[in-house]
Amino acid sequence: MPHHHEFYIDGQWVVPAGQNVIDVINPATEETAATIAAGGAVDVERAVAAARRAFSSYGQTRRGERLDLLTTIIAAYRRRSDDLAEAISTEMGAPLAFARERHVPAGLGHLQRTVEVLNTYEFDEAINETLITREPIGVCGLITPWNWPLNQIACKVGPALAAGCTMVLKPSEVAPLSALIFTEILHEAGVPAGVFNLINGDGPHVGQALASHPDVDMISFTGSTRAGTLVAKAAADTVKRVHQELGGKSPNILLDDADVEAAVTHAVRTCFGNSGQSCNAPTRLLVPLDRQDDVVAIARRIAEETVVGNPRSASTTIGPVVSELQFTRIQSLIEAGIAEGATLVTGGLGRPAGFDRGYYVRPTVFANVRNDMSIAREEIFGPVLSILPYKDEEDAIRIANDTVYGLSSYVTSSDPERARRVARRIRAGMVHLNGARGDNAAAFGGYKRSGNGREWGRFGFEEFLETKSMFGYLAQSH
């Protein structure tokens, strides 16, 4: 790619104000795959000014114009699908097949869903003689993570464009290559100058400058709860809207009437998917005490069938985790699980056999986990499953809700009504019943320290709108 050392500002690729660079490490090899420019406050100032200028015209565009633009973007995205998959596999270690089949389609799906929402959305509503109208909020700072890079970029940029907003995107500096290609896609599609801008860099120098900027009307952040707190504090002085999609420690309740073989197989594979690097991964598997031995046997088998390997190998199930920092954190939490008395079923410390390089983690299962243990409290973000036994249904619900997080959750029962009843009592923004997959027309987001606001579908679109009441607008003139 020709734009590693440039930013995209006001419709063109430009040289940064400074000369700092960041190495992008291929986690499968621990070698530098690319270097990118690292921005700062001067670059942010320039990008925000471009977005502010562009908003005066783009914010007034008609629905049809924005629909045409999004349709053109979708066509360009499709043409670059192979490039996007290659970039994701390189920057974050996802198996190439997984990047092609899951990562790239996830981003495309959000763009397509945005078109559906914009096509039918009612911006105006009459209440008595008042017209309620919904308008674009303005200039948006978008800060996205490395674990599902295209998914998170598309589910912010798509709705922001559809709403009539302008924006500055700061993708993760750990996995920025797919974002550069995404930017090339928008440029090819003819997004008007200044509507979309990209600055690479880290949180302290670019993220904080965006969050605190007085001309940014909204910050949409996805990442860790720790980083989200810093963003919210930086945004507070200018009273801008702060949308956060943060961490999770999702419970997965297997009720005593569940099909254990099917449920545990699904639970382990879902937990380990994307190398365990999903905020909504079902990392706490809650099982009836008298069924724990059966569950453990199945979980061990599925974990040991999981093929950790080269992302470019067709036989690989999961690749490495994204960075040395993540690898070290996961190892420390596995160590804590052992030290705190959980039963190590399989996996454990160190790389899998046959690997002496790359940030590869052994698929790990713990049993006899108590909910006060570190591995049950902290977001591990790796292929590590904790099995927690419970006494009865009330105990399961209590354990499930005993967390500072509230992003997602899972309930499995042979009785759909029972599953629905338990789902209503879980304090989380999402519940998957009996293995149901997510739906990008529905709302994605969490309770408690898992964030504020929602993404996906109509719900994510509305985050980028302001509500205006025009009193007397509908009064008849005399």
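Reading guide: rules and limits
- For every chain, the first residue of its written sequence is number 1, and the numbers climb from 1 along that sequence.
- The predicted nature of this model means local features are confined to residues of pLDDT at least 70 and side-chain atom pairs, given and counted, to a pLDDT of 80 or more, with totals for whole chains, interfaces and linings taken over all residues.
- For the side-chain quantities, the full set of heavy atoms in the structure was used; hydrogens and water were omitted.
- We treat two strands as partners when DSSP finds at least two bridges between them.
- Put simply, DSSP H or I for four residues or longer makes a helix, DSSP E for two residues or longer makes a strand, and each gets a number counted from the N terminus.
- Note on geometry: axes are C-alpha line fits, over the in-contact stretch for helices, and angles between N-to-C directions span 0 to 180 degrees.
- A 1.4 Å probe that fits into a set of points on a 1 Å grid over the protein atoms alone but cannot get out defines a cavity; an open set with protein on both sides within 12 Å along at least five of seven lines defines a pocket, and lining residues are those with an atom within 4 Å of a point.
- Grid points are joined across faces, edges and corners, and a volume is the space filled by probe spheres set on the points.
- In this count, Pro and Cys sit with the nonpolar residues alongside Ala, Val, Leu, Ile, Met, Phe, Trp and Tyr, while Asp, Glu, Lys and Arg are called charged and the others, Gly among them, polar.
- Here, two residues are considered to be in contact whenever any of their heavy atoms come within 4.5 Å of each other.
- Only protein chains enter the accessibility calculation, which uses a 1.4 Å probe. A residue is then buried if its area is under 20% of the maximum for its type, exposed if over 50%, and partly exposed in between.
- Pairing of N or O atoms within 3.5 Å defines a polar contact, subject to two protein rules: one partner must be a possible hydrogen donor and the other a possible acceptor, and residues neighboring in sequence count only if both atoms are side-chain atoms.

A. Inspection of the sheet that holds strand β6 (residues 130-136) at higher detail. Spatially, three strands are ordered β5-β6-β22 in an open sheet, and the strand pairing comes out antiparallel. The sheet is open, and its two borders are formed by β5 (124-127) and β22 (465-470), each paired with just one other strand. When the angles between neighbouring strand axes are averaged without regard to direction, this sheet yields 25 degrees. By the bridge criterion, six bridges tie β6 to β22 in an arrangement that is antiparallel. Counted as the bridge partner of L131 is M470 from β22.

B. Structural detail: empty space enclosed by the protein. Per the stated rule, a full pass over the model turns up four cavities of 30 Å³ or more. Looking at the largest cavity, its volume works out to about 80 Å³. Lining the largest cavity are H110, R113, T114, V117, A154, C155, P159, W456, G457 and F461. Sorting the residues of the lining of the largest cavity by element identifies α4 (96-120), α5 (149-163) and α15 (457-462) as the ones contributing at least two each. Ranked by the residues each element gives to the lining of the largest cavity, the list is headed by α4, at four residues. Of the residues in the lining of the largest cavity, the class split is six nonpolar, three polar and one charged. Put simply, the second largest cavity is a space of about 60 Å³.

C. View of the environment of A154. Secondary-structure assignment places A154 in helix α5. Between the C-alpha atoms of A154 and A106, which are 48 residues apart in sequence, the distance is 8.4 Å. In contact with A154, other than residues within four places in its own chain, are G107, H110, L111 and P159.

D. Structural context of the side chain of S386. Position of S386 among the secondary structure elements: in strand β16 (residues 384-390). Judged by relative accessible area, which is 1%, S386 ranks as buried. One polar contact links the side chain of S386 to the main-chain carbonyl oxygen of I375, over a distance of 3.4 Å. In this structure S386 touches T283, R284, L285, F366, V369 and I375, once residues within four positions along its chain are discounted.

Function cannot be inferred from these measures alone, as they are strictly geometric.
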